[in-house]
Amino acid sequence: MSDEPAHPLPFKGRLVAGDPTELPPAVAMSLSGNSTVTFTYREELTHDDYHVPLIVSALDPANLVGAPLGDIGTTAFASLSISDGDRILGDYTAKEHVSKSYNMYSHPTHKEVDDAARAAVRSRIDQKLYSDEARLADAAARTGKSPTAPVGQ
């Protein structure tokens, strides 16, 4: 996993599908209302909670010292498509799973686990974008009108 700081892509794009408040940082920093390049972004979450059966946990003295009673898990799947008209510049997908255990004294919320899974999958999409950044910049520069060109050129 790369620890590259979030930065905009070398071109701008319009968001045509997806929530602008729920984008990977690189895409969010690269939005423009008048670009020919478009972004389509989607996230899905699935949950997989596990709970120790009550009869087992009620009889286990280890629970008094904080033994796990189960865990809350979320898998985030994301897809990002970058296009210029009918031409696909890039398609990216990522899947990340986050889970947190709980016990009698500490219980993470579903929101905490969901937020962590969303952050992880967005970071993974950013990593894929950054590793493909030079090719994307070249592809975007070959559009009919460069999305990074000043207005009037």
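Structure: see above.
Residues numbered from 1 in each chain as written. Predicted model: local features only at pLDDT ≥ 70, side-chain atom pairs only at ≥ 80, totals over all residues. Heavy atoms only, no water.

S.K.: Could you give me a rundown of the side chain of T38, with the residues and numbers involved?
M.R.: Relative to the helices and strands, T38 resides in strand 2 (residues 37-47). The exposure class assigned to T38 is buried, which follows from its relative accessible area of 12%. Aside from chain neighbours lying at most four places away, what touches T38 is R14, V16, S81, I82 and S83. (Helix = DSSP H or I, 4+ residues; strand = E, 2+ residues; numbered from the N terminus. Buried < 20%, exposed > 50% of the residue type's maximum accessible area, 1.4 Å probe, protein only. Contact = heavy atoms within 4.5 Å.)

S.K.: Go over helix 3 (residues 110-131), please, and point to the residues and values.
M.R.: Taking 1.5 Å per residue as the helical rise, helix 3 with its 22 residues ought to reach 32 Å, and the 32 Å between its terminal C-alpha atoms agrees with that figure. When helix 3 is considered as a whole, its buried residues turn out to be V113, D114, A117, A120, V121, R122, I125, D126, Q127, L129 and Y130. Contacts made by the buried residues of helix 3 are with helix 1 (25-28), strand 2, strand 4 (70-84), strand 5 (87-102) and helix 4 (133-141). (Expected span 1.5 Å × (residues − 1).)

S.K.: Which residues make up the pairing of strand 4, and what are the values?
M.R.: Within strand 4, 13 of the 15 residues are buried, leaving the element largely enclosed by the surrounding structure. Looking at chain direction, strand 2 and strand 4 are connected through eleven bridges and run antiparallel. Considered in strand 4, the bridge of H47 is made with T74. Judged from the 15 bridges that link them, strand 4 and strand 5 form a sheet pairing that is antiparallel. Residue pairing across strands places T75 opposite H97, the latter belonging to strand 5. Turn length for the strand 4-strand 5 hairpin, with the two strands adjacent in sequence and antiparallel, is two residues, and the turn residue G85 shows positive phi of about 65°. (Pairing = 2+ DSSP bridges.)

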